[in-house]
Amino acid sequence: VQLVESGGGLVQPGGSLRLSCAASGFTFSRYAMSWYRQAPGKERELVAAITSAGSSTNYADSVKGRFLISRDNAKNTVYLQMNSLKPEDTAVYYCRARRTVGPDYWGQGTQVTVSS
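First things first, this report covers the structure right here in the doc. None of the values given here were measured: they were computed from a predicted structure.

1. Quick notes on the sheet that holds strand 1 (residues 2-6)
Sheet strands pair by backbone hydrogen bonding; their relative direction is either parallel or antiparallel.
Then, in step 1: Read across the sheet, 4 strands follow the order 1-3-8-7 without closing on themselves; strand pairing throughout is antiparallel. A strand with exactly one partner marks an edge of an open sheet, and here the two such strands are strand 1 and strand 7 (67-72). Shown here is a sheet whose adjacent strand axes are inclined to one another by a mean of 15 degrees, direction ignored.
Then, in step 2: By the bridge criterion, 6 bridges tie strand 7 to strand 8 (residues 77-82) in an arrangement that is antiparallel. Paired with L68 across the two strands is Q81, which belongs to strand 8.

2. A closer look at the state of the cysteines
Then, in step 1: Per the stated rule, a full pass over the model turns up 1 disulfide.
Then, in step 2: Across a sulfur-sulfur distance of 2.0 Å, C21 and C95 are joined as a disulfide pair. Across the S-S bond linking C21 and C95, the dihedral sits near 50 degrees, which makes this disulfide right-handed. Placement of the pair is C21 in strand 3 (residues 17-24) and C95 in strand 9 (residues 91-98), with a sequence separation of 74 residues.
Then, in step 3: The exposure class of C95 is buried, given its relative accessible area of 0%.

3. Structural notes on the packing of aromatic side chains
Then, in step 1: In this structure the tally under the stated criterion is 4 aromatic pairs.
Then, in step 2: Between F26 and Y31, the ring centres sit 4.8 Å apart and the planes meet at 70 degrees, which makes this aromatic pair edge-to-face.
Then, in step 3: Residue classification places F26 among the buried positions, given a relative accessible area of 13%.
Then, in step 4: With a centroid separation of 5.1 Å and an interplanar angle of 45 degrees, the aromatic rings of F26 and Y105 are classed as tilted. Of this pair, F26 sits in the loop between strand 3 and strand 4 (32-38) while Y105 sits in strand 10 (residues 105-106), and the two are 79 residues apart along the sequence.

4. What to know about the pairing of strand 4
Then, in step 1: Taken across its 7 residues, strand 4 has 6 buried, putting it largely inside the fold.
Then, in step 2: Relative to strand 5 (residues 45-50), strand 4 is paired through 5 bridges, and the arrangement is antiparallel. Bridging from a neighbouring strand, M33 pairs with I50 of strand 5.

5. Observations regarding the environment of E43
Then, in step 1: Positionally, E43 belongs in the loop between strand 4 and strand 5.
Then, in step 2: We classify E43 as exposed; its relative accessible area is 71%.
Then, in step 3: Separated by 63 residues in the primary sequence, E43 and W106 have C-alpha atoms spaced 16 Å apart.
Then, in step 4: Not counting the four nearest positions on each side in its chain, E43 is found in contact with R37 and Q38.

6. Looking at the pattern of salt bridges
Then, in step 1: Here the structure, examined in full by the defined rule, presents 5 salt bridges.
Then, in step 2: With a shortest N-O distance of 3.1 Å, D61 and K64 are connected by a salt bridge.
Then, in step 3: With relative accessibility at 66%, the residue D61 sits in the exposed group.
Then, in step 4: When the shortest N-O distance is used, the salt bridge between D104 and R96 registers 2.4 Å.
Then, in step 5: Linked by salt bridges that have partners in common, R37, E45, R66 and D89 make up one network.

Cut-off values and rules
Residues numbered from 1 in each chain as written. Predicted model: local features only at pLDDT ≥ 70, side-chain atom pairs only at ≥ 80, totals over all residues. Heavy atoms only, no water. Pairing = 2+ DSSP bridges. Helix = DSSP H or I, 4+ residues; strand = E, 2+ residues; numbered from the N terminus. Axes fitted to C-alpha atoms, helices over the stretch in contact; angles between N-to-C directions. Disulfide = S-S within 2.5 Å. Buried < 20%, exposed > 50% of the residue type's maximum accessible area, 1.4 Å probe, protein only. Phe/Tyr/Trp six-rings, centres within 6.5 Å; stacked < 30°, edge-to-face > 60°. Contact = heavy atoms within 4.5 Å. Salt bridge = Lys/Arg side-chain N within 4 Å of Asp/Glu carboxyl O.

Here's what the structure looks like:
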């Protein structure tokens, strides 16, 4: 089982990034997917989530209207489009695969730094 995040980097405030999380080793389409983030000295927090079929999403209040989660089950990939980035969005971003039963899977994380 692997979840591999990519797309992080350094961006100026107001800029955009698109994160990707490529899954392998399990039936991706059966799992709800989420993006979490963890800033230095803070707890890991949920950023956005999407159901297995992609029919429903939810977002942390801090990112509503700026971030968009989506998935492509044919490509076993979940995305996080991040717009209007702020310095407080700086964190390591992780993707998570979750089902009602069975283990969760986590990626290794990708660093997002928002700074001028």
